[in-house]
Amino acid sequence: MAPSISRASVLLTAAVLTLLFAATPITCWRPWPHLNPNSSDLLYDSSKKFEGSSEFVHLRYHMGPVLTGNITVHTIWYGRWQKSQKKIIREFINSISAVHARRPSVAGWWRTVQLYTDQTGANISHTVQLGQEKNDRFYSHGKSLTRLSIQSVIRSAVTAKSKPLPINPRNGLYLLLTSDDVYVQDFCGQGYTLPYAWVGNSAKQCPGVCAYPFAVPEFRPGWKALKSPNGDVGVEGMISVIAHEIAELATNPLVNAWYAGQDPSAPVEIADLCEGIYGTGGGGSYTGQMLTDHDGATYNMKGIRRKFLVQWIWNHLVSYCTGPNALDQ
């Protein structure tokens, strides 16, 4: 059950900080070359990957709350960030609710997320907005972070004596964004969520894993990296992971709402089900049909002023992954 917004602020603080220690892992998508696109190998493996449509995917609603009110995303910029990098990420988040953006749009992609409801039939909110920001440019917890120190960074941000981030346990999300010179334990393997997400800049750490297809995996040296739409490979990789996390935090904020699998400590959520799928026909090592801009950059959806490449989302009404085209009206 979601914490009541009528409780005293000290209790809300305790509730949020307690949730920060109940994290579930995610994985960056890897373009596995040994899987056959139409084989049963693609249905389930250790990276929680499902591809395309399948009757074997049993995504269920477990009666928990989802984010039906206006969603506010609070960001913590950890390390040294360029203004241009911040602009790319801010614009992507603002584009989620930009209903007048040209199609195929980020807002059209979010409409798949909006299809999910709570037990009263209320849908996920269509409004996602940027909240307050916290800058930690002096690396308060060092340049090497563990899971516990990630939680400490967020705890410090919401309990700071000067301009703390607001605590909104019902509709507030927290993004801890680490710069490319920050080493995070198990960077290439996982992030942490609930009710926050850590997303790192992968320009120097595992770009072939977390910034694919704008960087080439080490095991496929013959592949050619695609040109990114905003000229920053590390940040481009972050955009798709940020989208992944916001979609899952909205539909499964307390790990008791929408997920597949029997183990709530390792839920397979709506973005996990479409890892590596960016367009029609995606599956296996194929990303699907994507769009090419006039300058040769690859993208699959448009924001307010920029273009982005974001993985698709599982649509439980039709039991396959869908992108912005399906609901972009």
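The name an unreviewed UniProt entry assigns to the protein is Protein EXORDIUM-like 3, from the organism Salix udensis. Per UniProt, the protein carries the Subcellular location (unreviewed entry) text "Secreted, Extracellular space, Apoplast".

Trainee: Could you clarify how one ought to interpret the side chain of Thr 112 in this entry?
Mentor: Relative to the helices and strands, Thr 112 is located in helix α3 (residues 106-114). Engagement of the side chain of Thr 112 in a polar contact is seen with the side chain of Thr 322, the distance being 3.0 Å.

Trainee: Can you help me understand the nonpolar core in this one?
Mentor: A general feature of soluble globular proteins is that nonpolar side chains tend to end up buried together. Counting 52 residues, the largest nonpolar core has Ile 89, Phe 92 and Trp 110 as the members making the most contacts within it. With 10 residues, helix α6 (residues 233-251) is the largest single contributor of residues to this core. For Ile 89, the residues in contact, after removing those within four places along its chain, are Trp 77, Trp 81, Leu 177, Val 235, Met 238, Ile 239 and Ile 242. Of all hydrophobic cores here, the second largest spans 17 residues; its members include Ile 76, Val 158, Val 182 and Val 184.

Trainee: Can you help me understand the confidence of the model for the protein in this one?
Mentor: Residues shown with low pLDDT carry predicted positions that ought not to be read at fine detail. For the protein, mean pLDDT is 82; residues scoring 70 or higher make up 79% of the total. Confidence over residues 1-51 falls short of pLDDT 50; this stretch has 125 contacts with residues more than four positions distant or in other chains.

Trainee: Explain the environment of Arg 155 here, please?
Mentor: Within the fold, Arg 155 resides in helix α4 (residues 147-159). Residue class for Arg 155 comes out partly exposed when judged on its relative accessible area of 27%.

Procedures and definitions
- Residues numbered from 1 in each chain as written.
- Predicted model: local features only at pLDDT ≥ 70, side-chain atom pairs only at ≥ 80, totals over all residues.
- Heavy atoms only, no water.
- UniProt positions renumbered as here; feature names shortened; annotations may be inferred.
- Helix = DSSP H or I, 4+ residues; strand = E, 2+ residues; numbered from the N terminus.
- Polar contact = N/O pair within 3.5 Å; in protein donor to acceptor, adjacent residues only side chain to side chain.
- Core = buried A, V, L, I, M, F, W, Y, C linked by side-chain atoms within 4.5 Å.
- Buried < 20%, exposed > 50% of the residue type's maximum accessible area, 1.4 Å probe, protein only.
- Contact = heavy atoms within 4.5 Å.
- pLDDT = per-residue confidence, 0-100.

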